[in-house]
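# Structural features, examined
Now for the letters of each chain:
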Amino acid sequence: MDIKSVKAQIDSDIDKINSLEALEAFSVKYLGRKGVIAELTSQIPSLAAEQRPDAGRDINSLKNQLKDLIDSHRAILSRQASFQKPRSVDITLPGTIQDIGNKHPLTQVMDEICGIFVSLGFKLFEGPEIETEYNNFQALNIPLNHPSCDPFDTFYLDTGFAAKDTDNTEKKQQKPKANQRLLLRSHTSPGQIRVMKKYKPPVAAIVPGKVYRPDATDASHSFMFHQVEGFLVDKDVKFSDLKGVLEEFSKIMFGADTKMRFRPHFFPFTEPSAEVDISCIICGGEGKSLAKTCSVCKGKGWLEILGCGMIHPNVFKAVGYSDGKFTGFAFGMGVERITMLKYGIDDIRIFFENDLRFLKQF
Ligand code: PHE
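Residues numbered from 1 in each chain as written. Predicted model: local features only at pLDDT ≥ 70, side-chain atom pairs only at ≥ 80, totals over all residues. Heavy atoms only, no water.

## Examining the overall build of the protein chain
What the protein chain contains, in helices and strands, is eleven helices and eleven strands. Against the compact-globule benchmark of 21 Å for 362 residues, the protein chain has a radius of gyration of 40 Å, which places it well outside the compact range. For the protein chain, the C-alpha atoms occupy an extent of roughly 120 × 60 × 40 Å along the three principal directions. Expressed as a percentage of its 362 residues, the buried residues of the protein chain come to 39%. Nonlocal contacts in the protein chain, meaning residues at least 24 apart in sequence, comprise 67% of its contacts between residues at least 6 apart. Split by element, the accessible area of the protein chain, about 21000 Å² in all, is 53% carbon and sulfur. Where the 47 positive side-chain charges of the protein chain centre and where its 46 negative ones centre are 1 Å apart. (Helix = DSSP H or I, 4+ residues; strand = E, 2+ residues; numbered from the N terminus. Rg over C-alpha atoms; globule rule 2.2 N^0.38 Å. Buried < 20%, exposed > 50% of the residue type's maximum accessible area, 1.4 Å probe, protein only. Contact = heavy atoms within 4.5 Å. Areas by Shrake-Rupley, 256 points an atom, 1.4 Å probe, with all protein chains shown as cover. Lys, Arg positive; Asp, Glu negative; His and termini not counted. Charge placed at Lys NZ, Arg CZ, Asp CG, Glu CD.)

## Topic: the state of the cysteines
By the definition in use, this model includes zero disulfides. The structure places no disulfide on Cys280, whose sulfur is separated from the nearest cysteine sulfur, that of Cys283, by 3.7 Å. Looking at Cys280, the relative accessible area reads 1%, which means it is buried. Its sulfur unpaired, Cys283 is 3.6 Å from the next cysteine sulfur, which belongs to Cys297. Residue classification places Cys283 among the buried residues on the basis of a relative accessible area of 9%. (Disulfide = S-S within 2.5 Å.)

## A look at the site of the ligand
Neighbouring residues of the ligand: 14 residues in total, closest His187, Ser189, Arg213, Gln227 and Glu229. In the environment of the ligand, a nitrogen atom lies 3.0 Å from a nitrogen or oxygen atom belonging to the side chain of His187. For the ligand, an oxygen atom lies 2.9 Å from a polar atom in the side chain of Arg213. For the ligand, the protein covers 89% of the area, taking 330 Å² as the surface of the free molecule. Only β5 (224-234), β10 (302-311) and β11 (327-334) provide two or more residues apiece to the shell around the ligand. (Near = heavy atom within 4 Å. Polar contact = N/O pair within 3.5 Å; in protein donor to acceptor, adjacent residues only side chain to side chain.)

## Observations concerning the domain arrangement of the protein chain
In many analyses, interface size is given as the accessible surface area lost on bringing the parts together. With domains assigned, the protein chain is organised as domain 1 (3-84) and domain 2 (105-127 + 188-359). Each of domain 1 and domain 2 has a C-alpha centre, and the two are 84 Å apart. (Domains from an automatic or database assignment.)

## Here we look at helix α4 (residues 52-84)
In a regular helix each residue adds 1.5 Å, so 33 residues correspond to 48 Å; α4 covers 47 Å between its end C-alpha atoms and thus fits that length. For α4, every residue scored as buried is listed here: Ala55, Ile59, Leu62, Leu66, Ile70 and Leu77. Where the residues of α4 are buried, they touch α1 (3-16), α2 (20-31) and α3 (36-42). (Expected span 1.5 Å × (residues − 1).)

## Some points on the environment of Asp153
Its location among the elements puts Asp153 in the loop between α6 (133-136) and β3 (182-184). Separated by 61 residues in the primary sequence, Asp153 and Pro214 place their C-alpha atoms 6.1 Å from one another. Once residues lying within four places of it in the same chain are set aside, the contact partners of Asp153 are Pro147, Ser148 and Pro214.

## A look at the pattern of salt bridges
Per the stated rule, a full pass over the model turns up 15 salt bridges. Where Arg57 meets Asp54, a salt bridge forms, and the shortest distance between an N and an O atom there is 3.0 Å. Separated by three residues within a single helix, Arg57 and Asp54 lie in helix α4, roughly one turn from each other. Residue classification places Arg57 among the exposed residues on the basis of a relative accessible area of 53%. A relative accessible area of 43% places Asp54 in the partly exposed class. Residue Lys342 pairs with Glu112 through a salt bridge whose shortest N-O separation is 3.1 Å. With Lys342 in helix α10 (residues 335-343) and Glu112 in helix α5 (residues 105-119), the pair connects residues that are 230 residues apart, well separated along the chain. A residue is classified by how much of its surface remains accessible, and Lys342, at 26% relative accessible area, is partly exposed. In the salt-bridge network here, residues are joined through shared partners; they are Arg261, Arg263, Glu275 and Asp277. (Salt bridge = Lys/Arg side-chain N within 4 Å of Asp/Glu carboxyl O.)

## Section: the nonpolar core
One broad trend across soluble globular proteins is that nonpolar side chains are buried collectively. If you look at the biggest cluster of nonpolar residues, it comprises 43 residues, and the most contacted ones within it are Ile113, Phe117, Phe249, Phe331 and Met333. Every element with two or more residues in this core is listed here: α5, β4 (203-212), α8 (239-254), β7 (270-279), β10, β11, α10 and α11 (356-359). In terms of residue count, α5 provides more of this core than any other element does, seven residues in total. The residues touching Phe117, leaving out its near neighbours within four places in the chain, are Phe122, Ile206, Val245, Phe249, Phe331 and Met333. Membership of the second largest hydrophobic core comes to 23 residues, among which are Val207, Val315, Tyr321 and Ala330. (Core = buried A, V, L, I, M, F, W, Y, C linked by side-chain atoms within 4.5 Å.)

What follows is the structure, encoded as structure tokens:
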């Protein structure tokens, strides 16, 4: 047996191999303990002494070539085998349904509210949840002796750093000045202050976000909830403009038949001020639904949805609109309340329990 004829044999054998089993048999035939290579090796001692080193080297290189050949064939045959495996696919089975997440109902309603005002030309801003006491109260004409400035009515922070500004630049102060104590904003109205300080009229903006009040949690109160603030400042802005904008909003949000009423109210940062009710979206203002007292409006026929008014001159003074040329209106609404009215939800806590049985319904 010589190397040349072995090589020829290998070439003709390998051409015939078409399965992994055949490849294994080939491997044993050549590389096995009693295989062809072993036999060639056993013949070396019978060669002339000067031929032995060359013969040894040739056999070794043939052995390595054989190993590479077998490896590459094994890779090809395994790939082929994986494609040829019969697959039992039952095309009548239902497909795998992927769970697709969706936005939280509050986010959906907040997006809807913001979308309506953006379509009316309002620009969207966000203010920080950590506010200065000044922006949250005094700039909004709420005096320091007002009960809502009381630490029991507001979450104050025990830190010396000032909040992020609307442009996201952090203004560090080691010692907060008077009025510069930090707190979790109790309404989105400080958003008015931040935007007005930065932009001159005409300006129309909405500021959505979270607000915090240390209310005991029950079916209609939560220590954290969401508001959307809106305001517009220009020359000759009148209360009728406010009415027009809110009426447009409520018709798009709650339906074209929705009626609105303004009740006089008091807010320190608006004058005159009002609370706005819409006709009950469940009973249509009748106070009764299916001959029973309507459970959503409690028989009143009206639902309170927001607070509003004409921006107080002291607020303009605080932001530097002091030349008396401008007037404006502002409003603020609770997102949880509107969502509860819209979907007939009677407990605010369900929004924050992360119960998929509830969240999946939206
Ligand atoms: N900030 C008020 C609140 O939280 C709502 C409001 C905003 C009222 C703007 C009037 C104008 O109750």
